[in-house]
Amino acid sequence: MGGPAGVRAVVRAGGPLRGATRVPGDKSISHRALIVSGLAAGRSEIDGLSTGDDVRRTAEALRACGVGMEAPEGSAGRVVVTGRALELLEPERPLDVGNSGTAIRLLSGVAASQDALTVLVGDESVHRRPMERVVGPLREMGARIDGREGGRFAPIVVRGGGLHGIDYSPPVASAQVKAAVLLAGLRAEGETTVRERVATRRHTEEVLALAGRAPWVEHGPGGYAVRITPGPLEPFEMRVPGDPSQAAFLVVAAVLVPGSEVVVENVYVGPGRAGFLSVLERMGADVTVVPTGPTTADVVARHGPLVGTEVRGAEVPDCIDEIPVLAVAAAFAEGTTVFADAAELRVKESDRIATTSAELARMGVSVEPALDGLVVHGGRPRPASRASAYGDHRVAMALAVATLAAGGGATSEIEGFGSVSTSWPGFLDTIEALR
Ligand code: S3P
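None of the values given here were measured: they were computed from a predicted structure. (Residues numbered from 1 in each chain as written. Predicted model: local features only at pLDDT ≥ 70, side-chain atom pairs only at ≥ 80, totals over all residues. Heavy atoms only, no water.)

Assigned secondary structure in the protein consists of 13 helices and 23 strands. Against the 2.2 N^0.38 benchmark of 22 Å for 435 residues, the protein shows a C-alpha radius of gyration of 21 Å, consistent with a compact globule. Dimensions of the protein, computed from C-alpha atoms along their principal axes, come out at roughly 60 × 45 × 40 Å. Split into buried and exposed, the 435 residues of the protein put 60% on the buried side. (Helix = DSSP H or I, 4+ residues; strand = E, 2+ residues; numbered from the N terminus. Rg over C-alpha atoms; globule rule 2.2 N^0.38 Å. Buried < 20%, exposed > 50% of the residue type's maximum accessible area, 1.4 Å probe, protein only.)

This paragraph deals with the pattern of salt bridges. The full count for this structure, using the stated rule, is 36 salt bridges. Here aspartate 286 ties to arginine 302 by a salt bridge, and the two come within 3.4 Å at their closest N and O atoms. Within this pair, whereas aspartate 286 is found in strand β16 (residues 286-293), its partner arginine 302 is found in strand β17 (residues 296-302), the two being separated by 16 residues in sequence. Accessibility expressed as a relative area gives 33% for aspartate 286, which makes it partly exposed. Here the salt bridges share partners, and the residues they tie into one network are Arg129, Arg201, Asp321, Glu349, Arg352, Asp392 and Arg394. (Salt bridge = Lys/Arg side-chain N within 4 Å of Asp/Glu carboxyl O.)

For a regular strand, side-chain orientation follows a simple rule: the groups alternate between the two sheet faces. What you see with strand β23 (residues 411-415) is a clean split: Ser412 and Ile414 sit on the buried side and Thr411, Glu413 and Glu415 on the side with no burial. By the bridge criterion, five bridges tie strand β1 (residues 8-12) to β23 in an arrangement that is antiparallel. Residue valine 11 lies in a different strand from β23, and its bridge partner there is serine 412. Note: strand β22 (residues 386-388) against β23, three bridges, orientation parallel. Bridged to arginine 386 within β23 is glutamate 413. Handedness of the crossover is the feature at issue here: the chain leaves β22, passes through helix α12 (residues 393-406), returns alongside β23, and the resulting connection is right-handed. (Pairing = 2+ DSSP bridges. Right-handed = clockwise from strand over helix to strand, strands pointing away.)

Around the ligand sit Ser28, Arg32, Thr102, Arg133, Ala173, Ser174, Ala175, Gln176, Arg201, Ile320, Asp321 and Lys348, and those are all the residues in its vicinity. Note that an oxygen atom of the ligand is positioned 2.6 Å from one of the side-chain N or O atoms of arginine 32. Computed on the free molecule, the ligand has an accessible area of 380 Å², of which 94% lies beneath the protein chains in the complex. Lining the shell around the ligand are residues from two domains, each supplying at least three of them: domain 1 (8-24 + 241-434) and domain 2 (27-239). (Near = heavy atom within 4 Å. Polar contact = N/O pair within 3.5 Å; in protein donor to acceptor, adjacent residues only side chain to side chain. Areas by Shrake-Rupley, 256 points an atom, 1.4 Å probe, with all protein chains shown as cover. Domains from an automatic or database assignment.)

To continue, consider the sheet that holds β16. Strand order in the open sheet formed by four strands is β2-β15-β17-β16, with mixed pairing between adjacent strands. Strand pairing shows two members of the sheet lacking a second neighbour, β2 (18-22) and β16, which therefore form its edges. Neighbour to neighbour, the strand axes of the sheet diverge by 15° on average, direction disregarded. Here β16 runs beside β17; their pairing, made up of seven bridges, is antiparallel. Bridging from a neighbouring strand, valine 289 pairs with valine 299 of β17. (Axes fitted to C-alpha atoms, helices over the stretch in contact; angles between N-to-C directions.)

Looking at the protein, pLDDT values average 96 and 99% of them are 70 or higher. Predicted confidence is poor over residues 1-6, with pLDDT under 50, and the contacts of this stretch with residues over four places away or in other chains come to 21 contacts. (pLDDT = per-residue confidence, 0-100. Contact = heavy atoms within 4.5 Å.)

Moving on, we come to the sheet that holds strand β3 (residues 43-47). Pairing within the open sheet is mixed, and its four strands lie in the order β4-β5-β3-β14. Among the strands making up the open sheet, the edge pair consists of β4 (68-70) and β14 (237-239). Each strand of the sheet is rotated relative to its neighbour by a mean of 15°, with strand direction disregarded.

So, about the domain arrangement of the protein. As far as domains go, the protein holds domain 1 (8-24 + 241-434) and domain 2 (27-239). Using C-alpha coordinates to define each centre, domain 1 is positioned 28 Å away from domain 2. Buried surface at the junction of domain 1 and domain 2, both sides included, amounts to about 1,900 Å², of which 47% is carbon and sulfur. Viewed at the interface, domain 2 and domain 1 are joined by three salt bridges. We note a salt bridge from glutamate 349 to arginine 129, for which the minimum N-O separation is 3.8 Å. Along the lines of polarity and charge, the residues of the side of domain 1 that touches domain 2 split into eight nonpolar, five polar and eight charged. (Buried area = accessible area lost by both parts, 1.4 Å probe. Nonpolar A, V, L, I, M, F, W, Y, C, P; charged D, E, K, R; others polar.)

What follows covers the environment of alanine 370. Mapped onto the secondary structure, alanine 370 falls in strand β20 (residues 366-370). When the C-alpha atoms of alanine 370 and glycine 272 are compared, they prove to be 24 Å apart, with 98 residues separating the residues in sequence. Contact partners of alanine 370, with chain neighbours within four places excluded, come to Arg346 and Ile353.

Leu280, Phe339, Val376, Val401, Phe417 and Phe427 are the most contacted members of the largest nonpolar core, which totals 72 residues. Among the elements that take part in this core, α12 stands out by supplying eleven residues, more than any other. Ignoring any residue separated from it by four or fewer positions in sequence, one finds phenylalanine 339 in contact with Val311, Ile323, Leu326, Ala327, Ala330, Asp372, Gly373, Leu374 and Val376. Counting 66 residues, the second largest nonpolar core, distinct from the first, contains Ile29, Ala143, Tyr168 and Leu233. (Core = buried A, V, L, I, M, F, W, Y, C linked by side-chain atoms within 4.5 Å.)

Pasting the structure below:
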């Protein structure tokens, strides 16, 4: 197996995968832990942070705004943050978020709350991703914010400050939009409410609660609502739990590769993130979830046969990032799996409907891309000698799992594999350690 840092990796098929392992700290939680501690009044300690480039970009952006950010030597994932009590310094240069959609959207919300000019830029993929979903509500709150094509795309330029609260119902289910609006609401006049028809991950709410400002929340048949009032944040200590979206690659690999049994320890399985486990359960996967805390668990996955299922509606936000690897699981299942109501896949790091379909088709899988999802007919995929990750970390890791599972000791050369460094630089090393 080739080096994980390279632009391409050579992945060898076959297993089995056996043993217990951990995954990096959750990426979504890590971004929020850094941002909220950076806005808190004093010294916070965070352990178990995601070690990927995306989260490093958020840390660098905050540092450029005067937030103290010290990583004690030899302690990957641990950081001491000295927050600025809601008042950041005006950054001298554009903040570069790299490949991170979460960073650019959350930091737009923070920038909107500051009496400062902030310019946000990213890589090619980030500059293609829709930004009006945060620009719109932040303008409604009174921020002067613009971007390419009238605010539809990065670069984003924010002249913040003087905000007032709004009552907002986002047209798309997006935890990033909810976070941007709530973070802006921390320095807006009056209350800020976000109403979601389909609830998304709750990490902003969870981390704000750690900082002593648990938002008011209501969750009923009519949907989910969260409300924040302006005010200070207290510093806090936290340990970021394992990333379920990364655990999903190992769990699906264990389920698909004969003879495998893998335990992924200390994974976040709280609201909005455990959807892939329900999907795999419906597919008949031999997966056991052993709780280790209110929102964490060890996940035990063993090889076994799968059947097709349907993934649609309110379940989609709970497993949106896992759909590429769930599509790989579906490719090895008996019968057909339908992924619908998932048009958001088209605006991720790549167009994941197009990229996942194209690469599965290369492996001989019968797959039908749709406008809002894909239909995968299970069968016997064969390793493709060449594959492309299209610079998308999750497509890269999903293809590595597909190659492992296709067996036969063949190898697959995956172009664009270097993208895994955005979220999990050690992915292939972890696979090798389990094999
Ligand atoms: C994220 C939310 C999701 C997810 C992304 C991370 C977050 O995006 O796909 O990987 O940390 O809030 P949307 O909120 O845009 O759906």
